[in-house]
Amino acid sequence: MTEPDTMQTILIIDDAKENIVVLSRLLKSQANIIFALSGEEGLKIAGTNLPDLILLDISMPGLNGFEVLEHLKQSQTTADIPVIFITGIPDAETEEKGLNLGAVDYITKPFASAVVKARVRHQLKLQRLTTALKEANTRLTQLAMSDPLTGAYNRRYFLDALKKELERVQRYRHPSILMVFDIDRFKSINDNYGHDIGDKVIIEMVKVSTTMLRKNDTFSRFGGEEFTILLPETPLAEASQIANRLCMQIARTTIESGNKALSFTVSCGVTQLRDDDQSPDSIIKRADIALYQAKQSGRNQVVIADDTAPLVSN
Ligand SMILES: Nc1nc2c(ncn2[C@@H]2O[C@H](COP(=O)(O)OP(=O)(O)OP(=O)(O)O)[C@@H](O)[C@H]2O)c(=O)[nH]1
């Protein structure tokens, strides 16, 4: 979160140096001051420095203040930077135009120093609060889609991704794969080594899996010791190899527990998304049945769902 005492930055855009000098002197105790002597230069600086507030002159050669504001609003990176017009044009029509374009305030010259300071302080405070709110929102979004123990995507996020991928499969008819992994005899790991070591096993499972996957694959901790992987645009034969490789890699992994090295295995069910799947449920059910068969057949192995019908490509 932004600290309240962190110095914020004000960008002054004005073609008259003397105005920049006066405003800088006035506001330097409130913020870091940077400046530009033209609209074009101001836009460049705004895009790279992302100031907390812009004080903008209206009448300038080249891009005028209104045009600068329009450019700022068009770019996603600068659209939310508050802009105050500081201008010698006192008429209400110009002020209305400036505010309608999205300026947060309009100050006319000659101005009273104390009033400018107060209005700037007010905008900087609003900006600080807005930034803190945005950061909190980002954190909340992150929390809502991830598992706290491992940081992997959670069930909710995964189901959403699976639903979207099913729609893509139905539309483009490419092969996509769901894998469900489950740690073998995990209860006995907890019982014999303790819950903390159980947690370490889960964390290691996530680490090993995620390093072996591609950027477009989605990995989630779907439940306690159950993990799901979505592999978009992947033929079944390739998915089978990936699942087997992952199983082998997991079996080679060890966890330190006191002076002992603990190893563990996983079982896996694999299925292909089908264009007649009505929802993620039926896909998960198929993969779960295959996983159950892997468990029944002795664990530490991959089973491909029986009823996976190959998609007919267009
Ligand atoms: N340490 C730890 N244990 C968990 C967590 N979530 C679930 N568990 C445990 O995982 C265990 C799952 O056990 P079972 O469903 O019986 O399955 P299993 O022992 O892995 O047996 P199989 O799946 O048949 O190989 C339970 O004992 C849960 O308490 C967790 O976050 N941390």
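Let us look at the structure shown here. (Residues numbered from 1 in each chain as written. Predicted model: local features only at pLDDT ≥ 70, side-chain atom pairs only at ≥ 80, totals over all residues. Heavy atoms only, no water.)

**As for the layout of surface pockets**
- Taken as a whole, the largest pocket holds about 260 Å³ of empty space.
- Taken together, Leu50, Pro51, Asp52, Gln76, Thr77, Asp80, Ile81, Gln127, Thr131, Lys134, Glu135 and Thr138 form the lining of the largest pocket.
- Here the lining of the largest pocket is composed, by residue class, of three nonpolar, five polar and four charged. (1 Å grid on protein atoms, 1.4 Å probe; cavity = no way out; pocket = protein on both sides within 12 Å on 5 of 7 lines; lining within 4 Å. Points joined across faces, edges and corners; volume = space filled by probe spheres on them. Nonpolar A, V, L, I, M, F, W, Y, C, P; charged D, E, K, R; others polar.)

**Here we look at helix H10 (residues 280-296)**
- Taking 1.5 Å of rise per residue, 17 residues should cover 24 Å, and H10 covers 24 Å from first to last C-alpha, within 8% of that figure.
- Among all positions in H10, only Pro280, Ile283, Ile284, Arg286, Ala287, Ala290, Leu291, Ala294 and Lys295 are buried.
- Contacts from the buried residues of H10 go to helix H6 (155-172), strand E6 (177-183), strand E8 (226-231), strand E11 (266-272) and strand E12 (302-304).
- Looking one or two residues past H10, Gly298 carries a phi angle of roughly 120°, positive in sign. (Helix = DSSP H or I, 4+ residues; strand = E, 2+ residues; numbered from the N terminus. Expected span 1.5 Å × (residues − 1). Buried < 20%, exposed > 50% of the residue type's maximum accessible area, 1.4 Å probe, protein only. Contact = heavy atoms within 4.5 Å.)

**Observations regarding the packing of aromatic side chains**
- Following the criterion strictly, the structure yields five aromatic pairs and no others.
- Considering the side-chain rings of Tyr153 and Tyr157, the 3.8 Å spacing of their centres and the 10° angle between planes classify their relative orientation as stacked.
- Residue Tyr153 is classed as partly exposed on the basis of its relative accessible area of 31%.
- With a centroid separation of 6.0 Å and an interplanar angle of 80°, the aromatic rings of Phe158 and Phe222 are classed as edge-to-face. Here Phe158, found in helix H6, pairs with Phe222, found in the loop between strand E7 (218-221) and E8; they are 64 residues apart in sequence, far enough to count as distant.
- Of the residues examined, Phe222 reaches a relative accessible area of 5% and is grouped as buried.
- Members of the aromatic cluster, each reached through a chain of ring pairs, are Phe66, Phe85 and Tyr106.
- Positioned above the aromatic ring of Phe222 is the side chain of Arg155, whose terminal nitrogen or guanidinium carbon lies 4.1 Å from the ring centre. (Phe/Tyr/Trp six-rings, centres within 6.5 Å; stacked < 30°, edge-to-face > 60°. Lys NZ or Arg CZ within 6 Å of the ring centre and 35° of its normal.)

**Some thoughts on the sheet that holds strand E1 (residues 8-13)**
- Read across the open sheet, the five strands follow the order E2-E1-E3-E4-E5; overall the sheet is parallel. In the strand order of this sheet, the two ends are held by strand E2 (31-36) and strand E5 (105-108), each with one partner. The sheet shows a mean angle of 20° between the axes of neighbouring strands, direction not considered.
- Both strand E3 (residues 53-56) and strand E4 (residues 83-87) contribute to a ladder of three bridges, which runs parallel. In the strand pairing of E4, Ile54 is matched with Val83.
- Lying over the sheet, helix H1 (residues 17-27) contacts E1, E2, E3 and E4, oriented at roughly 170° with respect to E2. (Pairing = 2+ DSSP bridges. Axes fitted to C-alpha atoms, helices over the stretch in contact; angles between N-to-C directions.)

**Examining the pairing of strand E10 (residues 260-263)**
- Of the strand pairs in this sheet, strand E9 (residues 254-257) and E10 are connected by four bridges, and their pairing is antiparallel. Bridge assignment links Glu256 to a residue of E10, and that residue is Ala261.
- As consecutive antiparallel partners, E9 and E10 are separated by two residues, and within that stretch Gly258 has a phi angle of approximately 65°, a positive value.

**Some remarks on the side chain of His174**
- Along the chain, His174 turns up in the loop between H6 and E6.
- At a separation of 2.9 Å, a polar atom in the side chain of His174 contacts the side chain of Glu165. (Polar contact = N/O pair within 3.5 Å; in protein donor to acceptor, adjacent residues only side chain to side chain.)

Without other data, these values stay purely geometric and don't point to any function.
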